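Each chain is listed here by its residues.
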Amino acid sequence: MNPSEECSEQGTIPQQSKKIPFSTVVTLAYQSLGVVYGDLSTSPLYVYKATFSGKLSVHEDDEEIYGVLSFIFWTFTLIALFKYVFIVMSADDNGEGGTFALYSLLCRHAKLSILPNQQATDEKLSTCAPEVSPDTWESNALKSFFEKHPSLGKSLLIFVLFGTCMAIGDGVLTPTISVLSAVSGVQVKFSGLHENYVVIISCLILVGLFSLQHHGTRRVAFMFAPIVTAWLLCIASIGVYNIIRWNRQIYCAISPVYMLRFLKSTDTKGWVSLGGVVLSITGVETMFADLGHFSKASIKFAFTFLVYPCLVLAYMGEAAFLSKHHEDIQRSFYKAIPETTFWPVFIVATFAAVVGSQAVISATFSIISQCCALHCFPHVKIVHTSSEIYGQIYIPEVNWILMCLCLAVTLGLRDTNMMGHAYGRKCAIRLHAYKLAELSLNYGCFIGATGMVVTTVMFVTTCLMALVMIIVWKKRIIYTVAFFVFFGSIELLYISASFYKVPEGGWIPLLLSFIFMAVMYIWNYGTMKKHEFDVENKVSMNRIVSLGPSLGIVRVPGIGLVYTNLVIGVPAVFGHFVTNLPAFHQVLVFVCVKSVQVPRVCEKERLLIGRLGPKECSMFRCTVRYGYKDLQQENYDFESRLVSAIIQFVETEEDSGSKQLTGSCREIESSAFDVSFAMHRIVGGSNQGKMESSSDIQVVCSDVGNPNNTHLKAESLQILQAKESGFAYILGHSHAQAKKSSSIIKKIAVDIVYNFLSKNSRGPDVVLNVPQTSLLEVGMIYYI
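Residues numbered from 1 in each chain as written. Predicted model: local features only at pLDDT ≥ 70, side-chain atom pairs only at ≥ 80, totals over all residues. Heavy atoms only, no water.

### Comments concerning the overall build of the protein chain
Thought 1: Each helix and strand counted, the protein chain has 30 helices and nine strands in total.
Thought 2: The buried share of the protein chain, reckoned over its 784 residues, is 60%.
Thought 3: Relative to all contacts within the protein chain whose residues are 6 or more apart in sequence, the contacts with residues 24 or more apart total 83%.
Thought 4: If you sum the accessible surface of the protein chain, you get close to 30500 Å²; carbon and sulfur atoms cover 62% of it. (Helix = DSSP H or I, 4+ residues; strand = E, 2+ residues; numbered from the N terminus. Buried < 20%, exposed > 50% of the residue type's maximum accessible area, 1.4 Å probe, protein only. Contact = heavy atoms within 4.5 Å. Areas by Shrake-Rupley, 256 points an atom, 1.4 Å probe, with all protein chains shown as cover.)

So this is what it looks like as structure tokens:
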């Protein structure tokens, strides 16, 4: 049985490797509406208002209206449909999306990974995509260029962190303004309602919204999907109504000629107004980031057959109405609604605005989980809320931090007018008829300032996609350059237009982004330096063995598990331990929990076993491998599984060609051993090659205390007897300090920020459910 088949039996095969039934695709597509498309589908509320605010408000004739519609149509079509749906989503990493998924693909194919402890055996994992085509001269040249300039690997990581942190910064602010704007609409009907009540109600809704997240994406999606579906059908129907009633020739406005006329007639005012046009694609990046929550087919299906046509009809219908009602351009959305359906649409719009924040929250969870696995964020608790879709996760710490930040922004800025000043230029138009229209305008100004954040993330994706096309897809340079120039120029145009808002309040999302980026970079820097320290100060096995007689080292019954960051050599913490307490257990296992550059690792490929030192020392090494989307909180009995794996290694050691030394005390490392290769040999080979983990563990462990057992080697029996004596867990408790010669900035980063993050990060003892009663921590200080 090959690893892929084993993964299938365990229910951990990658999504794209399974043929998903059409009914499942439709179900997931329906769920995705409530999670992925909430932000994107509410864009018609404010796009036209934000575009025609400020200096462009004096340009409200048909030429400008047609030009804006042409910009919206082609931006939405080219970026959302062609770039993301047809191209970018094809670059998923075993069903996972987002900038870190693209980065993971590049790391595997171009050896760009900065993750420590990477081994040649990691490339044999079933989830590592094999090379399907030979390298071209372009891919070879680019790989060689990265190999000759290792510093470019760090630069690429910083570039990726910058893009992801911009997305997280936007995720803090979008729920705030969407909820506050929706609640403020109550003042349209109840004009005497004080704004303090609006703020209180908004805060309560925010608390409720984030409290729902622990139910998981699936349940939240089923609650929110009907709202977004009803909203899309409403705006599409209203769009068709307005086209038929007001301007049946509005489809002519999609001609690119109107874009050129618009820029020519409006000059710099038109260029600045493009910051409002970009609002039509603010939720597109979350489509790719939320890919793991559903599936590629379901997200493509939902967007192509429902979201895209509904939004296009909505934008065209509103433009048709405006072509006959220039005076209503600042309240066009609600004025275009037929009077008899105003209140039902208003209620649905209010709920849709609240739901719109869900896409950003889910995308933030996905980003943070990938950052943790790639050593770019402190390890936090990640809860997988679905047994079928691996990307559906919930992160409690991040959820409550986001909620607190959202509440702080809501209480700090209080009303939508102040929020508008914080996120965009001051709206000059004073409305007298509909206060809700003024509300939507301020909402548009807010999101308009975040347009720079969104387009920056899109540009980062474009740059990474260009590298993926050459290195992974082996495309010719001409196609890659065409892709980069075409889409990159569009995004740079919108970035330049949105950059105008930075001095007037757009600095707030930027500030949040840089704070997150500083945290990620400091954590990655401290983690890498700690690993360098461990490598430089690892202890030779010769020294450990030679010190035995002088220190009076004794072996006590039981199995000792020493957690280390190294896959080769003895960690310094163990040398420190035996120097101060010259005794260790009858069987010693050095356990290294590490991440690999794949989304997930099959259970059968989870453990790598090797022997450390001479055979009579009974020392082993176990490498526990996790992908960046795996749940690093196992429910099975890790100790029993580990013992089973070690026995498998011992029983098949000679057959697998492992290196062995007898009578020698020099350090050796056995060849990496995948425990799935010999499971049937341990249980007698009577199951025709079928391997079930839980039953295998029970069979092996039941041999303990059976004096008549003869089919196991003496060393295997010794290991089983040691298991009966119990386990002890030895964990290094390292404390980082900056060197005295370091700068003040480095001392603050290491001594304060990194150590604070380390104390609040989840260690390997939590990952593997280590009982605290058997845990022994050995303190060490290392200098960076």
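### Details of the nonpolar core
Thought 1: Formed by 146 residues in total, the largest nonpolar core has its most connected members in Tyr37, Met287 and Phe303.
Thought 2: Setting aside residues no more than four positions away along its own chain, Phe303 makes contact with Tyr37, Leu40, Phe76, Ala80, Leu81, Val85, Met287, Tyr308 and Pro309.
Thought 3: Counting residues in each nonpolar core, the second largest holds 30 residues, with Phe584, Leu588, Cys617 and Val778 among its members. (Core = buried A, V, L, I, M, F, W, Y, C linked by side-chain atoms within 4.5 Å.)

### A short note on the packing of helix α2 (residues 22–35) against helix α14 (residues 296–322)
Thought 1: Two elements in contact, α2 and α14, have axes separated by 8 Å at closest approach and are oriented at 65°. It follows that α2 is roughly perpendicular to α14 by the angle criterion. The way α2 lies across α14 gives a crossing that is right-handed. For the pair α2 and α14, contact is made by Phe22, Val25, Val26, Leu28, Ala29, Ser32 and Leu33 and by Ala297, Ser298, Ile299, Phe301, Ala302, Leu306 and Val307, respectively. (Axes fitted to C-alpha atoms, helices over the stretch in contact; angles between N-to-C directions. Parallel < 35°, antiparallel > 145°, perpendicular 65-115°, else oblique. Left-handed = near helix turned anticlockwise from the far one by under 90°.)

### Thoughts on the side chain of Thr77
Thought 1: As for its position among the elements, Thr77 is in helix α5 (residues 62–87).
Thought 2: A relative accessible area of 4% places Thr77 in the buried class.
Thought 3: With residues up to four places along the chain from it excluded, the contact list for Thr77 reads Phe82 and Tyr308.

### Brief notes about the confidence of the model for the protein chain
Thought 1: Overall, the predicted model of the protein chain reaches an average pLDDT of 75, with 76% of residues at or above 70.
Thought 2: Here helix α1 (residues 3–10) stands out as the least confident element of the protein chain, with mean pLDDT 37; α14 is the most confident, with 92.
Thought 3: In the predicted structure, residues 1–17 sits below a pLDDT of 50 and forms 44 contacts with residues beyond four places in sequence or in another chain.
Thought 4: Considering only residues more than four positions removed or in separate chains, one finds that residues 656–710, a stretch of pLDDT under 50, has 117 contacts. (pLDDT = per-residue confidence, 0-100.)

### Looking at the pairing of strand β4 (residues 583–595)
Thought 1: Along β4, 11 of the 13 residues are buried, which leaves the element largely enclosed by surrounding structure.
Thought 2: Of the pairings in the sheet, the one linking strand β3 (residues 554–564) to β4 comprises nine bridges and is parallel in character. If you follow Leu561 over to β4, its bridge partner there is Val589.
Thought 3: Sheet topology note: the β4/strand β6 (residues 619–626) ladder contains eight bridges and is parallel. If you follow Phe590 over to β6, its bridge partner there is Arg621. (Pairing = 2+ DSSP bridges.)

### A short note on the environment of Phe333
Thought 1: Here Phe333 is to be found in helix α15 (residues 332–335).
Thought 2: Between the alpha carbons of Phe333 and Phe321 there is a distance of 9.1 Å; along the sequence they are 12 residues apart.
Thought 3: Residues in contact with Phe333, not counting those within four places in the same chain, are Pro44, Leu45, Lys49, Trp231, Ile235 and Glu318.

### Description of helix α28 (residues 714–725)
Thought 1: The terminal C-alpha atoms of α28 lie 17 Å apart, and with 12 residues this matches the ideal 16 Å at 1.5 Å per residue to within 8%.
Thought 2: Within the span of α28, buried status applies to Glu715, Ser716, Ile719, Leu720, Ala722 and Lys723. Along the axis of α28, the buried residues cluster in a sector spanning 160°; they form a single face. Residues of α28 that are exposed and angled more than 90 degrees away from the buried face: Ala714, Gln721 and Glu724.
Thought 3: Positive backbone phi, at 110°, marks Gly726, one or two positions downstream of α28. (Expected span 1.5 Å × (residues − 1). Arc of directions from axis to C-beta.)

### Examining the pattern of salt bridges
Thought 1: If you walk through the whole model with that rule in mind, you get seven salt bridges.
Thought 2: Across the pair Glu138 and Arg476 runs a salt bridge whose closest N-O atoms are separated by 3.5 Å. Of the two residues, Glu138 sits in helix α7 (residues 137–148) while Arg476 sits in the loop between α20 (435–471) and α21 (477–498), which places them 338 residues apart along the sequence.
Thought 3: On the basis of relative accessibility, which here comes to 6%, the residue Glu138 falls in the buried class.
Thought 4: Here Arg476 falls in the partly exposed class, since its relative accessible area comes to 42%. (Salt bridge = Lys/Arg side-chain N within 4 Å of Asp/Glu carboxyl O.)

### What about the packing of aromatic side chains?
Thought 1: Per the counting criterion, the structure on display carries 24 aromatic pairs.
Thought 2: Both rings, one in Phe303 and one in Tyr308, keep their centres 6.0 Å apart while their planes meet at 45°; by these two values the pair is tilted. For the pair formed by Phe303 and Tyr308, the shared burial category is buried.
Thought 3: An aromatic cluster of at least three residues, connected via ring pairs, comprises Tyr37, Phe76, Phe303 and Tyr308.
Thought 4: The positively charged end of Arg261 is found above the aromatic ring belonging to Tyr258, 5.3 Å away from the centroid. (Phe/Tyr/Trp six-rings, centres within 6.5 Å; stacked < 30°, edge-to-face > 60°. Lys NZ or Arg CZ within 6 Å of the ring centre and 35° of its normal.)

### Remarks on the environment of Ala289
Thought 1: Tracing the backbone through its elements, the reader meets Ala289 in helix α13 (residues 284–289).
Thought 2: Sequence separation between Ala289 and Thr164 is 125 residues, and the spatial gap between their C-alpha atoms is 9.9 Å.
Thought 3: Setting aside residues no more than four positions away along its own chain, Ala289 makes contact with Gly97, Gly98, Ala363 and Ser366.

### Section: the packing of α5 against helix α12 (residues 257–277)
Thought 1: In contact at an axis separation of 9 Å, α5 and α12 are set at 65° when each is read in the N-to-C sense. In this structure, α5 meets α12 at a crossing whose hand is right-handed. Along the contact surface, α5 presents Glu63, Glu64, Tyr66, Gly67, Val68, Ser70, Phe71, Ile72, Trp74 and Thr75, while α12 presents Tyr258, Met259, Arg261, Phe262, Leu263, Ser265, Thr266, Leu274 and Val277.

### Considering a nonpolar patch on the surface
Thought 1: Taken together, the side chains of Trp137, Ile477, Ile478, Tyr479, Val481, Phe484 and Val485 make up a nonpolar region of the molecular surface, amounting to roughly 730 Å² of accessible area.
Thought 2: A per-element tally of the nonpolar patch places α21 first, with six residues.
Thought 3: Tracing the backbone shows Phe484 in helix α21.
Thought 4: The exposure class assigned to Phe484 is partly exposed, which follows from its relative accessible area of 33%. (Patch = residues over 30% accessible without salt bridge, like charges linked within 9 Å, V, L, I, M, F, W, Y side chains within 5 Å.)

### Details of the environment of Phe73
Thought 1: Considering the arrangement of structural elements, one finds Phe73 in helix α5.
Thought 2: Sequence spacing of Phe73 and Tyr315 is 242 residues, and the spatial spacing of their C-alpha atoms is 8.1 Å.
Thought 3: The residues contacting Phe73, other than those within four sequence positions of it, are Ile254, Tyr308 and Val312.

### Focus: the pairing of β3
Thought 1: In this sheet, strand β8 (residues 727–737) lies alongside β3 in parallel orientation, the contact comprising five bridges. Across the sheet, residue Ile559 finds its bridge partner in β8, namely Phe727.

### Some details on helix α29 (residues 744–759)
Residues spaced three or four apart along an α-helix face the same direction, because each turn holds 3.6 residues.
Thought 1: Here α29 spans 21 Å end to end across 16 residues, near enough to the 22 Å set by a 1.5 Å rise per residue.
Thought 2: Of all the bends in α29, the greatest measures close to 25° and is centred on Val753.
Thought 3: Looking only at α29, the buried set comprises Ala749, Val750, Tyr754, Asn755 and Leu757.
Thought 4: Each element contacted by the buried residues of α29 is listed here: α22 (507–536), β8 and β9 (775–783). (Bend = angle between axes of the 7 residues up to and from the residue.)

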